[in-house]
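Summary of structural features
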Amino acid sequence: MKKNKLTLYIFIALILGVVVGYIYNVAVIKDYNNKINAAETTIKIIDNKLVLIKDTTSVVYKNLKTQRVTESKIRKVNDGIREGKVQYFTILSDIFLRLIKMIVAPLVFTTLVVGVAKVGDIKAVGRIGGKTLLWFLSATLVSLLLGMILVNLFQPGQEMHLMLPDSHLGTDIQKSALSLKDFISHVFPKSFFESMSNNEILQIVVFALFFGVATASIGEKGDIVVKAFDAIAHVILKITGYVMKLAPLAVFGAITAIVAKQGLSILSTYAIFIGEFYFSLIILWAAIILAGFFVLKGRAFKLVNNIKDAMLVAFGTSTSEAAYPRVLIEMERFGCSNKIVSFVLPLGYSFNLDGSMMYMTFASLFLAQSYGIHLTFVQQVTMLLTLMLTSKGIAGVPRASLVVIAGTIAMFGIPEAGLALLIGIDPLLDMGRSATNVLGNAMATAVVSKWEGELSDGNPIPVEDL
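One numbering rule holds for all chains: residues counted from 1, following each sequence as written. The predicted origin of the model limits local features to residues at a pLDDT of at least 70 and limits the giving and counting of side-chain atom pairs to 80 or more, whereas totals for whole chains, interfaces and linings rest on all residues. As a convention, hydrogens and water are excluded, and side-chain values are obtained from all of the structure's heavy atoms.

1. Here's the deal with unusual backbone geometry
Located in the positive-phi region is glutamine 155, a residue other than glycine, with phi close to 50 degrees. The way it works is that DSSP assigns letters per residue, a run of H or I at least four long becomes a helix, a run of E at least two long becomes a strand, and they are numbered from the N terminus. Inspection of the secondary structure assignment puts glutamine 155 in the loop between helix H3 (122-154) and helix H4 (180-187). Throughout, exposure labels follow a simple rule: accessible area from a 1.4 Å probe, protein chains only, divided by the maximum for the residue type, with under 20% read as buried, over 50% as exposed, and the rest as partly exposed. On the accessibility criterion, glutamine 155 (26% relative accessible area) is partly exposed. The phi dihedral of lysine 297 is positive, around 60 degrees, even though this residue is not glycine. Relative to the elements of secondary structure, lysine 297 occurs in the loop between helix H10 (271-296) and helix H11 (299-306).

As structure tokens, this is what we get:
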């Protein structure tokens, strides 16, 4: 499928997904949504009453708890039915994402080993790694800081006026513990094959770095390994071309399922928050492109044009992982050295999630505003640094941003129950931050290539390979 046709088909799939999802929502899902909304409204009323009751042994309190359990069951049953009604659409995106995940781990391993082996000695690896992490750290801080500034400027939670809930109220989102042990377990593999089977990208990167350096150190004996891995990588990229033909169907299925479940009303209910967050992402895009412009000059805009279909795939499927193989091809086509692309891009998927970083500060402070909790500048900066640390090594965790937020907001007295405000619209927001992650990683790869003097005018790749 030609590149321009793929972009067109993905865009058409986005539009069709919205239309079909809306029709399906009105015709099939609406009754279940009404029951879920009614149950949630009742639960909210009960929660507000429970907060006011001090005697937890009273009959009134026990009756309210019983009513809450009943309404929760109603919500859960109807939510299960609704999930069953949209599963035919989610199957399309599930197949695509499974195929992508099938590719990502071996692709990261083979390309990174080849990249490190071609770099050669450990000093060169350290030099490139240092420049890469410098850019990642700077981009992460800018994303977090920009999110903090803009959420304070827009004040999207100011109109919510939520009551502080009692400590017994919460969500089912597991908190991410700020633990050195947990972080280490996400970084260093105990089994290479376990890391591959679980798609633990950061662990695969660590093993690949050791393997690549060791391959380079044995000289000519390692040449056969490099050639073999290089050939395997090209085979996997060929498979990627086949899998990418399913991208429009995956995007259609994912968008249809979201709109069918939530309806267009979700956009009007949270229009201000969604609008301000996406406007903030546009500002972040501008900042990333501007930073790239200082290094790449006018070629920064060409890079954005090259990866637009990869960003559309990430946007439609709500995961930047789905775009990884495509970005890998496009970066080499742009003129980046294979060894730089193979080294920088995998690291970016664990250390350089710009869109997710902005979302974490934006959403956390939105919740504080919603409950009328004032955080000082020092507290906000502390939150920013905490989020930067707790977010590392959780790439690939479902609803990772919400998990990290849940583990952080409690440190600042923000009720975990507020996450219920984000759960419904998180898929819509995840689309934007996933596309932003793709842009940030592609720009970082191009910049490091330029710094290393490894950026050419572009390597033409046959259309059939794209």
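2. Details of the packing of helix H2 (residues 59-119) against helix H6 (residues 201-217)
In contact at an axis separation of 8 Å, H2 and H6 are set at 35 degrees when each is read in the N-to-C sense. H6 is crossed by H2, and the crossing has right-handed handedness. Contacts from Val104, Ala105, Val108, Phe109, Leu112, Val113, Val116 and Ala117 in H2 reach Ile201, Ile204, Val205, Phe207, Ala208, Leu209, Phe211, Gly212, Val213, Thr215 and Ala216 in H6. Amino acids are sorted into nonpolar (Ala, Val, Leu, Ile, Met, Phe, Trp, Tyr, Cys and Pro), charged (Asp, Glu, Lys and Arg) and polar (every other residue, Gly among them). Among the residues forming the contact of H2 with H6, the class breakdown is 17 nonpolar, two polar and no charged. Axes here mean lines fitted to C-alpha atoms, for a helix over just the part in contact, with angles spanning 0 to 180 degrees between N-to-C directions. A crossing counts as left-handed when the near helix is turned anticlockwise from the far one by less than a right angle, and as right-handed when that turn is clockwise. Two residues form a contact once any of their heavy atoms are found within 4.5 Å.

3. Considering the confidence of the model for the chain
For every residue, the predictor assigns a confidence score, pLDDT, that lies between 0 and 100. Of all residues in the chain, 86% have pLDDT values of 70 or greater, and the mean over the chain is 81. Below a pLDDT of 50 lies the segment residues 166-173, which in the model reaches 21 contacts outside its immediate sequence neighbourhood of four places, other chains included.

4. With respect to the packing of aromatic side chains
We call Phe, Tyr and Trp rings a pair once their centres come within 6.5 Å, taking the six-membered ring for Trp, and we label the pair stacked below 30 degrees between planes, edge-to-face above 60, and tilted otherwise. Under the criterion given, the structure shown has 18 aromatic pairs. Between the aromatic rings of tyrosine 24 and phenylalanine 89, the centroid separation amounts to 5.1 Å while the plane-to-plane angle is 80 degrees, which identifies the pairing as edge-to-face. Highlighted residues: tyrosine 24 in helix H1 (residues 3-52) and phenylalanine 89 in helix H2, separated in sequence by 65 residues. Here phenylalanine 89 falls in the buried class, since its relative accessible area comes to 14%. When the ring centre of phenylalanine 334 is taken as reference, the NZ or CZ atom of arginine 299 above it lies at 4.3 Å. The lysine or arginine in question, arginine 433, covers the ring of tyrosine 359, its NZ or CZ lying 4.0 Å from the ring centre. Placement of a positive charge over a ring is assigned whenever Lys NZ or Arg CZ falls within 6 Å of the ring centre and within 35 degrees of the normal to the ring plane.

5. Focus: H11
Listed as buried for H11 are Ala300, Leu303 and Asn306. Down the axis of H11, the buried set is contained in an arc of 115 degrees. They therefore lie on one face. Along the arc lie the directions from the helix axis toward the C-beta atoms.

6. Observations regarding empty space enclosed by the protein
Buriedness for pockets is judged along seven lines, at least five of which must meet protein on both sides within 12 Å for an open set on the 1 Å grid over protein atoms alone, while cavities are sets there where a 1.4 Å probe fits but cannot get out, and lining residues have an atom within 4 Å of a point. Grid points are joined across faces, edges and corners, and a volume is the space filled by probe spheres set on the points. The tally for this structure, following the rule as stated, stands at one cavity of 30 Å³ or more. Considered as a void within the structure, the largest cavity measures approximately 50 Å³ in volume. Broken down by secondary-structure element, the contributors of at least two residues to the lining of the largest cavity are H2, helix H7 (223-244) and helix H14 (338-351). Considering every element that reaches the lining of the largest cavity, the biggest residue donor is H7, with four residues. Of the residues in the lining of the largest cavity, the class split is three nonpolar, four polar and two charged.

7. Re a nonpolar patch on the surface
A surface patch of nonpolar side chains, about 680 Å² in accessible area, is lined by Phe11, Ile15, Val18, Val19, Tyr22, Ile23, Val26 and Leu264. Within the element layout of this structure, valine 19 appears in helix H1. Nonpolar side chains (Val, Leu, Ile, Met, Phe, Trp, Tyr) are joined into patches within 5 Å and like charges within 9 Å, using only residues with over 30% relative accessible area and no salt bridge. Methods summary: accessible areas were calculated by the Shrake-Rupley approach with a probe of 1.4 Å, and residue burial reflects only the protein chains presented. When a carboxyl oxygen of Asp or Glu is within 4 Å of a side-chain nitrogen of Lys or Arg, the pair counts as a salt bridge.

8. Structural notes on the environment of isoleucine 236
Within the secondary structure, isoleucine 236 is located in helix H7. Residues isoleucine 236 and isoleucine 103, spaced 133 residues apart in sequence, show a C-alpha to C-alpha distance of 6.7 Å. With residues up to four places along the chain from it excluded, the contact list for isoleucine 236 reads Ile103, Pro106, Leu107 and Thr110.

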